[in-house]
Amino acid sequence: MRIIVGMTGASGAIFGVDFLRRCPGEKFLILTKWGRYVLKEETGLTEHVKKSFADEDLAAPFSSGSNPFDALVILPCSISTMAKIACGLGDTLLTRAAQVALKERRRLIICLRETPLSAISLEQAHRLSLAGAIVMPISPPFYHRPQTIEGMVAQFNDKVLGLLGFETTLAWKPEALE
Ligand SMILES: Cc1cc2nc3c(=O)[nH]c(=O)nc-3n(C[C@H](O)[C@H](O)[C@H](O)COP(=O)(O)O)c2cc1C
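Not measured: the values here are computed from a predicted model. (Residues numbered from 1 in each chain as written. Predicted model: local features only at pLDDT ≥ 70, side-chain atom pairs only at ≥ 80, totals over all residues. Heavy atoms only, no water.)

Describing the pairing of strand β4 (residues 71-77)
- Burial of β4 is extensive: seven of the seven residues sit out of reach of the surface.
- Burial along β4 is two-sided: Ala-71, Val-73, Leu-75 and Cys-77 facing one way and Leu-72, Ile-74 and Pro-76 facing the other are all buried.
- Here strand β1 (residues 2-7) runs beside β4; their pairing, made up of four bridges, is parallel. What sits directly across from Ile-4, in β4, is Leu-72.
- Bridge count between β4 and strand β5 (residues 107-112): five bridges; the pairing is parallel. Across the sheet, Val-73 pairs through a bridge with Ile-109, a residue of β5. (Buried < 20%, exposed > 50% of the residue type's maximum accessible area, 1.4 Å probe, protein only. Helix = DSSP H or I, 4+ residues; strand = E, 2+ residues; numbered from the N terminus. Pairing = 2+ DSSP bridges.)

Some thoughts on the site of the ligand
- For the ligand, the set of nearby residues contains 15 residues, the closest of which are Gly-9, Thr-32, Ser-78, Thr-81 and Arg-113.
- A distance of 2.5 Å is found between an oxygen atom of the ligand and a side-chain nitrogen or oxygen belonging to Ser-78.
- Arg-113 places a main-chain nitrogen or oxygen 2.7 Å from a nitrogen atom of the ligand.
- Relative to its free-state accessible area of 640 Å², the ligand is covered by the protein chains to the extent of 68%. (Near = heavy atom within 4 Å. Polar contact = N/O pair within 3.5 Å; in protein donor to acceptor, adjacent residues only side chain to side chain. Areas by Shrake-Rupley, 256 points an atom, 1.4 Å probe, with all protein chains shown as cover.)

A short note on the packing of aromatic side chains
- As enumerated under the stated definition, the model contains six aromatic pairs in all.
- Taking 5.1 Å as the distance between ring centres and 70° as the angle between the ring planes, the aromatic pair formed by Phe-28 and Phe-62 counts as edge-to-face. A residue pair is termed long-range when its members are at least 10 positions apart, and Phe-28 in strand β2 (residues 26-31) and Phe-62 in the loop between β3 (51-54) and β4 qualify at 34 residues. Grouping residues by exposure puts Phe-28 and Phe-62 together as buried.
- Aromatic side chains Phe-53 and Phe-62 sit 6.0 Å apart centroid to centroid with 90° between the ring planes, which places their arrangement in the edge-to-face category.
- When its relative accessible area of 10% is taken as the criterion, Phe-53 is described as buried.
- We classify Phe-62 as buried; its relative accessible area is 4%.
- A network of ring pairs unites the aromatic residues Phe-28, Phe-53, Phe-62 and Phe-69 as a single cluster. (Phe/Tyr/Trp six-rings, centres within 6.5 Å; stacked < 30°, edge-to-face > 60°.)

In structure tokens form, the structure reads like this:
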């Protein structure tokens, strides 16, 4: 599976780093300018990607729909990036790749990190959902009783991995189905 991971300037870089580390397949990273800043503030960088592209590089392969990918996961996604995508803007590599995902009907997962959400953001999230994107606020589950921040991060990311079709251990009482 070929997956593009976008990381923006929203808080929660730890989610993106854990996802990159654990998601199987071929991964390509697009880091926005503010994504780079927050990543540096909150974590260290990671070497789990095949290649990474500057968000300013609109000549990169994923600007074009003719280069296939299976999914674009934006984790964490800022309100600013979501707003641009919802308006149809594609003036950066990440927003352009999102445009491509929507027009080519490829999977687009937007993991929003903001709270509370304004009426404008809720409207934009709704619009994107209607256009086929999956909008999932970073909201970790607690039913497996995570004991650490890393555990909380992993449990949210398990949910994203599950949406991509990867097996996870996140099921709620699977033994009750036996
Ligand atoms: C330390 C820090 C934390 C931020 N946290 C958030 C956040 O959680 N959510 C958000 O939408 N924006 C957040 N911002 C603001 C975004 O970085 C800003 O809107 C930026 O323009 C987003 O650009 P990008 O989406 O291209 O990365 C934060 C900024 C900084 C400096």
